[in-house]
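Survey of secondary and tertiary structure
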Amino acid sequence: MTRTLTGSERDRFVAALRQKIGESAVSTEPDDLATYGRDWTKVFDPAPMAIVFPRRTEDVAEIVRRCADEGVAIVPSGGRTGLAGGAVAARGELVVSTERMRDLGAVDARGLTLRAQAGAVTAAVHAHCEPHGLTWPVDFASKGSSQVGGNIATNAGGVKVIRYGLTRQWVLGLEVVTAKGEVLELGGALEKNNTGFDLRQLFIGSEGTLGIITGATLKLTRVPGHLDVFLFAVPDLAGVLRLFDAARVGPFVISAFEFFTDKCFARLARHRALSIPLETQSSHYVLLEVESHDRGALEGWLESLFERELILDGTLAQSAGQGRALWELREGISESLSATGMPHKNDIALPIASLDAFVSELDAVFTKEWPRFEICLFGHIGDGNLHVNVMKPDDMPKAEFLAHAHASDAAMFELVRKHRGSISAEHGVGLLKKDFLGYSRSPAELELLRAIKRTLDPENLLNPGKIL
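Along its length, the protein chain carries 15 helices and 17 strands. A globule of 468 residues ought to have a C-alpha radius of gyration of about 23 Å, and the protein chain, at 23 Å, matches this closely. When the backbone C-alpha atoms are referred to their principal axes, the protein chain occupies close to 75 × 55 × 45 Å. For the protein chain, buried positions account for 53% of its 468 residues. For the protein chain, contacts bridging at least 24 residues in sequence account for 73% of all contacts bridging at least 6. For the protein chain, the accessible surface area stands at approximately 20,200 Å², while carbon and sulfur atoms represent 51% of it. If you average the places of the 51 positive and of the 60 negative side-chain charges in the protein chain, the two averages end up 4 Å apart.

In this section: the nonpolar core. Counting 52 residues, the largest nonpolar core has Phe232, Phe257, Leu288, Trp301 and Phe358 as the members making the most contacts within it. By residue number, the principal contributor to this core is helix H8 (residues 237-248), which donates 7 residues. Apart from the residues lying within four places of it in its own chain, the contact partners of Phe232 are Leu243, Leu278, His284, Tyr285, Val286, Leu288, Trp301, Leu302, Leu305, Ile311, Asp313 and Gly314. With 27 residues, the next largest nonpolar core counts Val125, Leu134, Ile152 and Leu186 among its residues.

A separate point is the sheet that holds strand S3 (residues 74-77). Pairing in this open sheet of 4 strands is mixed, and the strands run S1-S2-S4-S3 from one edge to the other. Lying at the two open borders of the sheet, with one neighbouring strand each, are strand S1 (26-27) and S3. Pairing of S1 with strand S2 (residues 50-52) involves 2 bridges; the strand directions are antiparallel. Looking at the pairing, Ser27 lines up with Ile51 of S2. Lying on the sheet, helix H3 (residues 57-70) is in contact with S2, S3 and strand S4 (94-97); it crosses S4 at an angle near 170°.

A word on the layout of surface pockets. For the second largest pocket, the calculated volume is near 930 Å³. If you go around the second largest pocket, you meet 39 residues; those closest to its centre are Gly205, Ser206, Arg441, Leu449 and Ile467. Of all the secondary structure elements, the ones that give two or more residues to the lining of the second largest pocket are helix H7 (199-203) and helix H15 (443-456). Residue contributions to the lining of the second largest pocket peak at 5 residues, all from H15. Among the residues forming the lining of the second largest pocket, the class breakdown is 16 nonpolar, 14 polar and 9 charged.

Applying the stated criterion to the full structure yields 13 aromatic pairs. Look at Tyr36 and Phe53: their rings are 5.1 Å apart centre to centre, the planes differ by 85°, and that puts the pair in the edge-to-face class. Here Tyr36, found in helix H2 (residues 30-36), pairs with Phe53, found in the loop between S2 and H3; they are 17 residues apart in sequence, far enough to count as distant. Here the two residues Tyr36 and Phe53 agree in accessibility, since each one is buried. Their ring planes at 70° and their centres at 5.6 Å tell us that Phe436 and Tyr439 sit as a pair that is edge-to-face. No difference in accessibility class separates Phe436 from Tyr439, as the two residues are buried. Aromatic rings pair up to connect Phe230, Phe232, Phe252 and Trp301 into one cluster. The cationic tip of Lys219 hangs over the ring face of Trp170; the distance from NZ or CZ to the ring centre is 5.5 Å. Above the ring of Tyr439, the side-chain terminus of Arg417 is found at 4.2 Å from the ring centroid.

Cut-off values and rules
- Residues numbered from 1 in each chain as written.
- Predicted model: local features only at pLDDT ≥ 70, side-chain atom pairs only at ≥ 80, totals over all residues.
- Heavy atoms only, no water.
- Helix = DSSP H or I, 4+ residues; strand = E, 2+ residues; numbered from the N terminus.
- Rg over C-alpha atoms; globule rule 2.2 N^0.38 Å.
- Buried < 20%, exposed > 50% of the residue type's maximum accessible area, 1.4 Å probe, protein only.
- Contact = heavy atoms within 4.5 Å.
- Areas by Shrake-Rupley, 256 points an atom, 1.4 Å probe, with all protein chains shown as cover.
- Lys, Arg positive; Asp, Glu negative; His and termini not counted.
- Charge placed at Lys NZ, Arg CZ, Asp CG, Glu CD.
- Core = buried A, V, L, I, M, F, W, Y, C linked by side-chain atoms within 4.5 Å.
- Pairing = 2+ DSSP bridges.
- Axes fitted to C-alpha atoms, helices over the stretch in contact; angles between N-to-C directions.
- 1 Å grid on protein atoms, 1.4 Å probe; cavity = no way out; pocket = protein on both sides within 12 Å on 5 of 7 lines; lining within 4 Å.
- Points joined across faces, edges and corners; volume = space filled by probe spheres on them.
- Nonpolar A, V, L, I, M, F, W, Y, C, P; charged D, E, K, R; others polar.
- Phe/Tyr/Trp six-rings, centres within 6.5 Å; stacked < 30°, edge-to-face > 60°.
- Lys NZ or Arg CZ within 6 Å of the ring centre and 35° of its normal.

Structure (structure tokens):
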């Protein structure tokens, strides 16, 4: 089992790591401990023993073996863009950062694959593939800092799930270091490999609790054709869903269907002084991105929305620059919420048919129990993913707010359970949601998860305390 090292033991252990993998690859600097010891949740105070920056899978394996010998717990760390505390090191753990593991192999344009180290940044993967007319279609607002390994470890979603699905659908092979320090090569570049249990899928979405992902063979697809972007004002969430129904049968292929409320936009406008290019203001807005080859059909479809009174107002971007400006209204929300207050974030998933009823019931709960809380709601309607942001009142102490927020989580997750949803859509369980995992997983499922953890990590070395 893992243990806390004494001061002299810690110094000896860190010195041995420096000798083995390099002086510059190990840091105990306070700024590094604070930065790499936490993720975007910023709820828990970081307290790691040290940060290591390996460059090779062999280095990671050596680090894990030494930690296993000494009983030192490990927290794997990628871009730290998660919102569930999955990358938090608060109990003297050793943080293993993949930040320097950024190598990208040659694009296989025939096999549509790419070999990438775990620390490769998502946007860099996109740029690497683009000259070949290809892309790895995993995309989200944090693509400029999120990393391949972290995306895989959390089975990240993002804004294009409606078109391409989750990260796990775009990973052919994995390189993983186990809790024993063994290196597994799982799957390679094979599209077909029907040889028993797919061990690769065990590690995808496991949040670093079963092994450390050090590399992957990514599945690529062609860069989409011309993309058009719409922005609509609709009266309410029911209107958002009616518009979604209309988009499903539109003359195009949907690549993204996003919504946000006026409260989200107000925070965005405060932080970045942006404006909505519509004459009609509303409580709900929809951003729709589509792939189409018939501009006339798009404009005709937009006109039909007005005729059927499905929208209050709407616009179709007339250039790529206008399209990027519309996307900024959606992708700038998370940053703006944090810049203008303290949000308590939740990402949940509901069956699409239950979204309207769920939000109505959630509003009623907050109006009754926590009327001072401002709720900023946005999400990926096409896959039922809602981001619920509870904003701290400016005059409320942080500790008091977090206590109320935790209580509101229980009420929210009861509604999630009622509607057969998930307490986590794309950011994982981490530390923040593990107490509520039973709202989405049965006792039998939880016991199977614990059994898998015991089998692959019997000493509880990897990311202890997360998920379970």
